[in-house]
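# Observations on the three-dimensional arrangement
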Amino acid sequence: MDNFDTKILKVLQDDSRFNAKQVGDMVGLAEDETQKRIDALEESGVIAKYTALCNTEKLSEDIVTALIEVKVTPQMSSGFDAIARAVYQFEEVKALYLMSGAYDLCITVEGKNLREVSRFVSEKLSTMRDVISTSTHFILKKYKTEGVILDEDDSEQKRQVIL
Amino acid sequence: MNYQKYLSKTAMDIPPSGIRKFFDLADKDKEVISLGVGEPDFNTPWCASEAAIKSIQKGVTQYTSNSGLPALRMQISRYLKQRFGVEYDADSEIFITVGASEAIYLALRAILNDGDEVIIPDPSYVSYSPSVAMCGGKAVAARCFVDDEFRLTAENLQKVITPKTKALILPYPNNPTGAIMPKESLEEIAKVVKQHDLLVISDEIYCEMTYGGRRHTCFSEIDGMKERTVLINGFSKAFAMTGWRVGYACAPNEIFKQMLKIHQYIIMCAPTNSQYAALAALKGGFEDGFAEIKAMVDEYDMRRRFLVKRLNEMGLTCFEPKGAFYVFPCVKSTGMDGEGFANTLLKESKVAVVPGDAFGESGKDFVRISYAYSLSSLKKAMDKIEEFVAKHKKN
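So, here's what we can say about the structure. (Residues numbered from 1 in each chain as written. Chains lettered and ligands numbered in written order. Predicted model: local features only at pLDDT ≥ 70, side-chain atom pairs only at ≥ 80, totals over all residues. Heavy atoms only, no water.)

## What about helix α1 (residues 3–14) of chain A?
Over its 12 residues, α1(A) runs 17 Å from end to end, which matches the ideal 16 Å to within 8%, given 1.5 Å per residue. Three or more residues of α1(A) are buried, namely Asp5(A), Ile8(A), Leu9(A), Val11(A) and Leu12(A). An end-on view of α1(A) places all buried positions within 165 degrees of arc, on one side of the element. Residues of α1(A) that are exposed and angled more than 90 degrees away from the buried face: Asn3(A) and Gln13(A). Where the residues of α1(A) are buried, they touch α2 (20–27) and α3 (31–43) of chain A together with α11 (291–313) and α13 (375–392) of chain B. (Helix = DSSP H or I, 4+ residues; strand = E, 2+ residues; numbered from the N terminus. Expected span 1.5 Å × (residues − 1). Buried < 20%, exposed > 50% of the residue type's maximum accessible area, 1.4 Å probe, protein only. Arc of directions from axis to C-beta. Contact = heavy atoms within 4.5 Å.)

Below is the structure:
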């Protein structure tokens, strides 16, 4: 990873639909050199996935998101890894982090409605052998996610200005 | 009531700005992607905003000295020396204004007598010529050409000098063209300035926005020019502080005194809390080696490269600007002039750019595109412009 790779990533993280030529133009590299670097970033897993970031508030189907704090008993041989692997295989789990502080795992779960998320917690998560306790927080409104502000602030006034 | 007989003839004679005229049109439509506004899309450094808030909380809401906070003048003096190698005395040569705009007007007020001529590179920012007129002077255009990458050449400057010429306005890096004046070019201009005994008002508000590794050269750095130069700068562009309205003027003491006198009578002082914000912005800059400016300039640079490539590829010839945050492509290949292009583009593709003739006659076949917008919006706009150009291209 050098300065060019960093710049390439910066552009793609903001908008992955720029093609290699356009990214190359921005960072000052030829198209094929840029493509090679992007390929390498993909192969090495630096670029994990290209995706679309949705404003869930605007989807026609409702989605409920919850953050779940989980305390677990780490296992002798594998620490937190084994339990984490068991948890992340559920497709409801969108994100899973090992945390410092008052609890061990932080899980982001998505479901169609409150009941679905609750069922995941009561039937799948809390019944796991090493889970000591869970604490579920439902997300009420997303103002900003992945660096994108979703909040539609209509207070900005039209300005007439010469410059 | 017939107001005509009450109104000032000087005021009425000033034409409305071509930019303003255009945006009254563009403003009516919500879907329009605007590439029109020349204002950083970054936030003011938080340390600056915080300092202003703190100053309000502490109740520091009185006037400052007419010339501005001493600490701010000192930091500006330090900044100019460290970043650009020019030395100005914080007490006798620098004072704080309400944006660079006020400073430009004061400089003209301080030096012009009725009928004095002021040379302005054409194209240039829209406020110079009306300001000259308001001060009783006559604005004279010195044409700049794309073949010279819109630099002002000594030759084109010579052509418009008359016995009445008193001063030259030197606005580089340039709005709207993005042109810069490298040191060698400034030296050529300096020879003419000296030969004809002129003053120079050097508007260097975009001094931090240069690309391709070349730092900006202040005109007053050129041998013998400091005594003839009013250096104008401010915080709007480099620190993304447009709405705070803080600028400054640096001038030889005799000119400084006259400018400050007018400033005292018409303004009193620049907004106090804004001055505290500016002070914190500079201090913060010294602490981290002006890292925020660098990050901002790197981001502008990517956008600049992207636009120049795209525009040239779609057939709008565009020289590579090395400063400010504008590109200035020629739209002749579409069979339209800048105004026709901008109007039709707005109507058909809902993208707003500014017709080049708003900045002077030499901009007639060009449009100004600001890249103070996110890469994603620039990409969307470029896709639309590309489609538009393909449709209208004259082969």
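There's more to say after this.
## Considerations on the packing of aromatic side chains
All names here are of chain B. Scanning the model with the defined rule gives 24 aromatic pairs over all chains in all. Measuring from centroid to centroid gives 5.2 Å for Tyr300 and Phe325, while their planes differ by 40 degrees, and the two rings are tilted. Remark: Phe325 occurs in the loop between α11 and β9 (326–327) and Tyr300 occurs in helix α11; sequence separation between them is 25 residues. An identical accessibility class is assigned to Tyr300 and Phe325; each is buried. On the numbers, 5.1 Å between centres and 0 degrees between planes, the contact of Phe328 with Phe366 is stacked. Here the residue Phe328 occupies a position in the loop between β9 and α12 (338–349), and Phe366 occupies one in the loop between β11 (354–355) and β12 (367–370), the gap between them amounting to 38 residues. Across the pair, exposure class does not vary: Phe328 and Phe366 are buried alike. Members of the aromatic cluster, each reached through a chain of ring pairs, are Phe42, Tyr206, Tyr211, Tyr300, Phe325, Tyr326 and Tyr371. (Phe/Tyr/Trp six-rings, centres within 6.5 Å; stacked < 30°, edge-to-face > 60°.)

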